[in-house]
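The residues making up each chain are set out below.
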Amino acid sequence: MLALLTELRDRARTVLRPEVWEYYEAGSGDEVTLGEAEAAWRDFRLRPRVLRDVSGVDVATSLLGTRLRSPFVVAPMAFHALATPDGECATVRGAGDAGCLTVVSTRASRPLEDVAAAASGPWWFQAYLMRDRGLTEALVRRAAAAGAGAVVLTVDTPHVGRKQRVAGVRIDVPDDEYLVNLARHLVLGAVGRESAEQDPSMTPDVVARLAEVGGLPVVVKGVLRGDEALRCVEAGAAGVVVSTHGGRQLDRALPSAHALADVVAAVAGRVPVLVDGGIRSGTDALVALGLGADAVLVGRPVLWALAAGGAAAVTSVLEELAGDLRHVLALAGATSPADLDPGTVVARPRP
Ligand code: FNR
């Protein structure tokens, strides 16, 4: 993990309310998947190229037609206002200033329109399919109208994973921040908040439906198998995200780092493949990009940054990661992620 991230994590731990810290850090079940996420990127070794001119290294990339200064993307996460007063408005400003894309959660604590107004860079909207499908569709329409560039449909959450660490812990979220984007559409009493729970009967047809509703590409998040990724692409997905939801859904799910190559092989370049879970340095990202990912999402480090230093710290984290990636790319003999040849990343030889 980069030193800046360790520093921000330590600071976040001291400034956040203890129950919020635990909510951010927690994983589901016995936290096996959570515990393996970071280490899994270290199961790979690099075979650098030499005698190549790496005096200029460029990590700029483009995703679904959007030009980005680096392949680091802010992962969708709930309730940023628990970390900083401006919530997601600070996140999109901080990420935009680093030339990065932000994915804004359905469970954001600031209205989408405010987030859009604060954004200094591109943003996508993360959707859950809720029991009241009209609610999801209304949100997708709103996101599209507000300027979202894509919809990220999270599919690993038919039910919210049980997090024993925070079981029974109450986090007080002010009413005007709790599901703020849903509240407008919920007719409390008539429909009730259970309408905003995830719909466990979701099937692939939802991908095309949401694409039609929003007129935006739909990227499917939470895939760990090549065959499943292919099903998503066949259903119309414009991209897939290899993810264990930060170890917060199915415990003992394969770490993303180990699931990535199978998905990349199955998708075979038809759509971009993104990955997240435990990415904490340029070298972690280099492994992911070398295995064929087009971009990497970063979760908790962004929350640590928000808590420790608001938007400016988010910019610093993303710039530090991009700088580290440039550095290790040069050491690996590549001038850009696309310049990495397929033989660069290999499984660590077992003794
Ligand atoms: C998440 N994640 C998540 N994912 C999603 O699709 N919608 C959401 O609302 C949330 N909320 C959320 C809250 C918190 C506190 C965390 C830590 C995570 C999962 C997130 O998008 C991402 O997949 C992981 O966080 C990536 O792993 P790292 O970088 O946190 O290890």
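Quantities reported herein were computed from a predicted structural model and do not represent experimental measurements.

Parameters and conventions
Within every chain, residues take consecutive numbers counted from 1 along the sequence as written. Local features in this predicted model are restricted to residues of pLDDT 70 or higher, and side-chain atom pairs are both shown and tallied only at a pLDDT of 80 or more, whereas totals for entire chains, interfaces and linings draw on every residue. Secondary structure elements follow DSSP: runs of H or I no shorter than four residues count as helices, runs of E no shorter than two count as strands, and numbering proceeds from the N terminus. The reference for a compact globule is 2.2 Å times residues^0.38; the radius of gyration itself is calculated from the C-alpha atoms. Labels follow a simple rule on C-beta atoms placed from the backbone: if 20 or more others lie within 10 Å of a residue's own, it is buried; if 12 or fewer, it is exposed; otherwise it is partly exposed. In this description, a residue-residue contact is defined by the distance between C-beta atoms placed from the backbone, which must lie within 7 Å. Given the number of residues in a helix, its expected span is that number minus one, multiplied by 1.5 Å. Bend is computed residue by residue as the angle between axes fitted to the seven residues ending at the residue and the seven residues starting at it. Residues enter a nonpolar core if they are buried, belong to Ala, Val, Leu, Ile, Met, Phe, Trp, Tyr or Cys, and are joined to the set through C-beta atoms within 7 Å. Near, as applied to residues and a molecule or strand, means the residue's backbone-placed C-beta atom lies within 6 Å of it. Classification used: nonpolar for Ala, Val, Leu, Ile, Met, Phe, Trp, Tyr, Cys and Pro, charged for Asp, Glu, Lys and Arg, polar for all others including Gly. UniProt positions are given in the numbering used here, feature names are shortened, and annotations may be inferred rather than shown by experiment.

A. How the structure looks around the overall build of the protein. Of the regular secondary structure elements, the protein holds twelve helices and twelve strands. Computed over the C-alpha atoms, the radius of gyration of the protein is 19 Å, within 12% of the 20 Å expected from 2.2 N^0.38 for a compact globule of 351 residues. Considering only C-alpha atoms, the protein reaches an extent of 70 × 45 × 40 Å along its principal axes. Across the 351 residues in the protein, those meeting the buried criterion constitute 53%. Within the protein, contacts between residues at least 6 apart in sequence are counted, and of these 74% link residues at least 24 apart.

B. Geometry of helix α12 (residues 300-331). Along its 32 residues, α12 runs just 27 Å from first to last C-alpha, ending more than 12% under the 46 Å computed at 1.5 Å per residue. The largest bend in α12 amounts to roughly 135° and is located at G309. Positive backbone phi, at 85°, marks G333, one or two positions downstream of α12.

C. Just the nonpolar core, in detail. V73, V151, V218, V220, V240 and V296 are the most contacted members of the largest nonpolar core, which totals 117 residues. With 16 residues, α12 is the single largest residue contributor to this core. Setting aside residues no more than four positions away along its own chain, V151 makes contact with W124, F125, A127, V140, A143, L210, G214, L216 and V218.

D. Molecular detail of the site of the ligand. In the vicinity of the ligand lie 23 residues, with A75, S105, T154, G246 and G299 positioned nearest. Each residue belonging to the shell around the ligand can be placed in one class, and the counts come to nine nonpolar, nine polar and five charged.

E. Fine view of the environment of D132. Tracing the chain through its elements places D132 in the loop between β6 (123-127) and α6 (133-146). Counting along the chain gives 31 residues from D132 to L101, while the straight-line C-alpha distance between them is 29 Å.

F. Fine view of the environment of D58. Counting through the fold element by element, D58 comes out in the loop between β1 (44-46) and β2 (61-63). The contact partners of D58, leaving out residues within four places of it in the chain, are T335 and S336.

G. Representation of the UniProt feature "binding site: glyoxylate" (unreviewed entry) in the protein. If you check UniProt for "binding site: glyoxylate" (unreviewed entry), the listed places come out as Y23, Y128, H245 and R248 in our numbering. With respect to the helices and strands, Y128 occurs in the loop between β6 and α6. C-beta crowding within 10 Å serves as the criterion here: with 23 such atoms nearby, Y128 is assigned to the buried category. Residue classification places R248 among the buried positions, given that 22 C-beta atoms sit within 10 Å. When neighbours within four sequence positions are excluded, R248 is seen to be in contact with A26, G27, S28, G161 and K163.

H. Spotlight on unusual backbone geometry. Positive phi values are uncommon outside glycine, yet E31 reaches one of about 60°. Considering the arrangement of structural elements, one finds E31 in the loop between α2 (18-25) and α3 (32-41). Residue classification places E31 among the partly exposed residues on the basis of 18 C-beta atoms within 10 Å. Even without being a glycine, H245 presents a positive backbone phi close to 60°. Considering the arrangement of structural elements, one finds H245 in the loop between β9 (239-242) and α10 (256-267).

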